[in-house]
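Observations on the model geometry
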Amino acid sequence: MQSMETTQEDFSLCPKFEKTFEILGQKWNGLILEVLLNDGPQRFKNLAHSVNKCSDRVLVERLKNLEKEGLVERKTYKDSALIEYQLTERGEALRPVMETVHEFADCWY
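We now turn to the structure provided with this report.

Conventions adopted
Residues numbered from 1 in each chain as written. Predicted model: local features only at pLDDT ≥ 70, side-chain atom pairs only at ≥ 80, totals over all residues. Heavy atoms only, no water. Helix = DSSP H or I, 4+ residues; strand = E, 2+ residues; numbered from the N terminus. Rg over C-alpha atoms; globule rule 2.2 N^0.38 Å. Buried < 20%, exposed > 50% of the residue type's maximum accessible area, 1.4 Å probe, protein only. Contact = heavy atoms within 4.5 Å. Phe/Tyr/Trp six-rings, centres within 6.5 Å; stacked < 30°, edge-to-face > 60°. Pairing = 2+ DSSP bridges.

Overview of the overall build of the protein
Each helix and strand in the protein was counted, giving seven helices and three strands. In summary, the protein has a C-alpha radius of gyration of 18 Å against a globular reference of 13 Å for 109 residues, an excess of more than 25%. Principal axes of the C-alpha set define a box for the protein whose edges measure 70 × 30 × 25 Å. Taken over 109 residues, the protein has a buried fraction of 28%. Long-range pairs, those at least 24 residues apart, make up 48% of the contacts in the protein between residues at least 6 apart in sequence.

See the structure below:
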């Protein structure tokens, strides 16, 4: 049987798990993903309205980060100024995770 001290020294989180929580734990990211999961592709102004306590500057920063992580795609339309943000396949794969978070919140908060 290992002592508590040895167990704590040997403990480390999986880097993939840490990376996932680094992304999801960043303020506003979960709400942005939730809006895109529930409402589909969104223009910036619609996202800003839905995540209304997030400043435009921070929202731009978070969207760029989510895009860099492959969760969100910035879609532009030819011959139009229309720009939309939508989930990628990777972003869509978070749906069951977000549903589980909802279940937890409904039960405990």
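There is more to say, and it comes next.
Points about the packing of aromatic side chains
One pass over the structure, following the stated rule, counts two aromatic pairs. Plain terms: the ring middles of Phe17 and Phe21 are 4.9 Å apart, the flat faces sit at 40° to each other, and that makes the pair tilted. A residue pair is termed a helical-turn pair when its members lie 3 or 4 positions apart in one helix, as Phe17 and Phe21 do in helix H2 (residues 15-24) at four residues.

Focus: the pairing of strand E3 (residues 83-87)
Counting buried residues in E3 gives four out of five residues, a clear majority hidden from the surface. Note that strand E1 (residues 42-43) and E3 share two bridges and pair antiparallel. Looking across to E3, one finds that Gln42 is bridged to Tyr85. Judged from the five bridges that link them, strand E2 (residues 72-76) and E3 form a sheet pairing that is antiparallel. What sits directly across from Thr76, in E3, is Ile83. If you look at the hairpin formed by E2 and E3, you'll find six residues sitting between the two strands, and Asp79 has a positive phi there, around 60°.

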